[in-house]
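Summary of the model geometry
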Amino acid sequence: MAKRDWPARRFFTVLPPPAVRRSRPSRLPVLSLPAYARTPQDVAGTLESFMTTRFSGTDNYVATEDLTMAVNAAVALGRPLLVKGEPGTGKTQLAEEVARAMNHPLYRWHIKSTTKAQQGLYEYDAVSRLRDSQLGEAKVHDIANYIVKGRLWEAFESEVRPVLLVDEIDKADIEFPNDLLHELDRMEFYVYETRQWVKARHRPIIIITSNNEKELPDAFLRRCFFHYIRFPDAATMEQIVRVHYPTLKKDLLSAALSAFFSLRDTPGLKKKPSTSELLDWIKLLVAEDIPPEALRSDDSRKSIPPLYGALLKNEQDVHLFEQLIFLHRRQRQ
């Protein structure tokens, strides 16, 4: 095969399929190709993506160094990126910002407790076909008219490389991830009704989110690149707030962050407030023109932060926080 069919050959050692792979030493970095890359065009697309597609955050999303490294590693490997973390830490928004930063179309597949893997591929609408047959519709003779494409099929047909978000996969049944093993690995599936194979034009950048409500199967985890989004520290959180509220006064920001992290550190909270809840709270503080002094008040009648409903989401946590502050003040007297 001529060298021109293999872009950037001098930069990488490309591993062909095992059946034709020759064992010879190489001092160049090795790029293992995903299973779906069977033609020179597939290889060229993989190499081009590896060399030019880099994510480093956006003006709307503060991404830590380890998060950007995880995204770029998953893209280079051609594997789904499994992202876990507390609710409200920006897992879903990550897929949106990756698509925006790389100028790729985004396909969202939001998972529910009743979602089946087949729905992501396609569904056969037998009810509509039965109704049309009773009405004498001509299209009833072509079963393809009743195949409803799923989000995975739509992503496979994209003219350019897409980003596919599989959101909150842990909500589905335990067998849901296993039912997608072949499709995510080989980037193809078979439509039995029309007897056709659907193959991806471009391997999607797949971002899968999980709130860790249930364990995922080992076979599924083996096919993913994993990253856990740790809760931001004070410095990172300040950057995040500044992205959303660039004109926020420094005193109010400092007081709000101090009150927020103090609230999160309260032992025994049933649900700790998240980043998204902090942003909502600051929005309310600005709208209501709450001064920084109100967040640092020692008044016993203000034992919890103003507008606390944006941070504390159940009465047990409100009562617990009030009790702890009351006990703390008694000890200081």
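Look above for the structure.
Residues numbered from 1 in each chain as written. Predicted model: local features only at pLDDT ≥ 70, side-chain atom pairs only at ≥ 80, totals over all residues. Heavy atoms only, no water.

**A word on the sheet that holds strand 4 (residues 106-110)**
Strand pairing in a sheet relies on backbone hydrogen bonds. The paired strands run either parallel or antiparallel. The sheet built from five strands is open, its strands ordered 4-7-10-3-11 with parallel pairing. Unpaired on one side and paired on the other, strand 4 and strand 11 (225-229) mark the two borders of the sheet. Between one strand axis and the next, the sheet turns through 20° on average, direction left out of account. Here strand 7 (residues 163-167) pairs with strand 10 (residues 205-210) via four bridges, running parallel. Within the sheet, the bridge partner assigned to V166 lies in strand 10 and is I208. Strand contacts of helix 2 (residues 65-77): strand 3 (81-85), strand 10 and strand 11, with the helix running at about 165° to strand 11, the strand carrying the most contacts. (Pairing = 2+ DSSP bridges. Helix = DSSP H or I, 4+ residues; strand = E, 2+ residues; numbered from the N terminus. Axes fitted to C-alpha atoms, helices over the stretch in contact; angles between N-to-C directions. Contact = heavy atoms within 4.5 Å.)

**Some points on the pattern of salt bridges**
Inspection of the entire model under this criterion finds twelve salt bridges. The closest approach of N and O atoms between E157 and K149, which form a salt bridge, is 2.9 Å. When the shortest N-O distance is used, the salt bridge between R201 and E159 registers 2.4 Å. In this pair, R201 sits in the loop between strand 9 (196-199) and strand 10 while E159 sits in the loop between helix 6 (151-156) and strand 7, placing the two residues 42 residues apart along the sequence. Residue class for R201 comes out partly exposed when judged on its relative accessible area of 46%. (Salt bridge = Lys/Arg side-chain N within 4 Å of Asp/Glu carboxyl O. Buried < 20%, exposed > 50% of the residue type's maximum accessible area, 1.4 Å probe, protein only.)

**Focus on helix 10 (residues 250-264)**
For helix 10, built from 15 residues, the straight-helix expectation of 21 Å at 1.5 Å per residue is met to within 8% by its first-to-last C-alpha distance of 21 Å. Residues L252, L253, A255, A256, L257, A259, F260, F261, L263 and R264 constitute the buried set of helix 10. (Expected span 1.5 Å × (residues − 1).)

**Details of the environment of K149**
Its location among the elements puts K149 in strand 6 (residues 147-149). K149 sits in the partly exposed class, given a relative accessible area of 39%. The sequence separation of K149 and E123 amounts to 26 residues, and the corresponding C-alpha distance is 6.7 Å. In contact with K149, not counting residues within four places along its chain, are L121, Y122, E154 and E157. At a separation of 2.9 Å, a polar atom in the side chain of K149 contacts the side chain of E157. (Polar contact = N/O pair within 3.5 Å; in protein donor to acceptor, adjacent residues only side chain to side chain.)

**What about the packing of helix 9 (residues 234-244) against helix 10?**
At a minimum axis separation of 11 Å, helix 9 and helix 10 run at an interaxial angle of 130°. It follows from the interaxial angle that helix 9 and helix 10 lie oblique. Handedness of the crossing formed by helix 9 with helix 10: right-handed. Of helix 10, the residues touching helix 9 (which contributes A234, M237, E238, V241 and R242) are K250, L253, L257, F260 and F261. Of the residues in the contact of helix 9 with helix 10, the class split is seven nonpolar, no polar and three charged. (Parallel < 35°, antiparallel > 145°, perpendicular 65-115°, else oblique. Left-handed = near helix turned anticlockwise from the far one by under 90°. Nonpolar A, V, L, I, M, F, W, Y, C, P; charged D, E, K, R; others polar.)

**Here we look at the nonpolar core**
Among the nonpolar cores identified, the biggest contains 30 residues, and F176, F189 and F220 are the most heavily contacted of them. When contributions to this core are tallied by element, the ones reaching two or more residues are strand 4, helix 4 (117-121), helix 6, strand 7, helix 7 (181-186), strand 8 (188-191) and strand 10. The biggest single contributor to this core is helix 6, with four residues. Excluding residues that lie within four positions of it along the chain, F176 makes contacts with W109, I111, T115, K116, A117 and I169. (Core = buried A, V, L, I, M, F, W, Y, C linked by side-chain atoms within 4.5 Å.)

**Observations regarding the packing of aromatic side chains**
Applying the stated criterion across every chain yields a total of ten aromatic pairs. Centroid distance Y190 to Y192: 5.0 Å. Interplanar angle 85°. Geometry classified as edge-to-face. In this structure Y190 comes out as partly exposed when scored by relative accessible area, which is 26%. Put simply, the rings of Y122, W153, F156 and F189 pair up and form one aromatic cluster. Across from the ring centre of F231, 3.5 Å away, lies the NZ or CZ of R264, which sits over that ring. (Phe/Tyr/Trp six-rings, centres within 6.5 Å; stacked < 30°, edge-to-face > 60°. Lys NZ or Arg CZ within 6 Å of the ring centre and 35° of its normal.)

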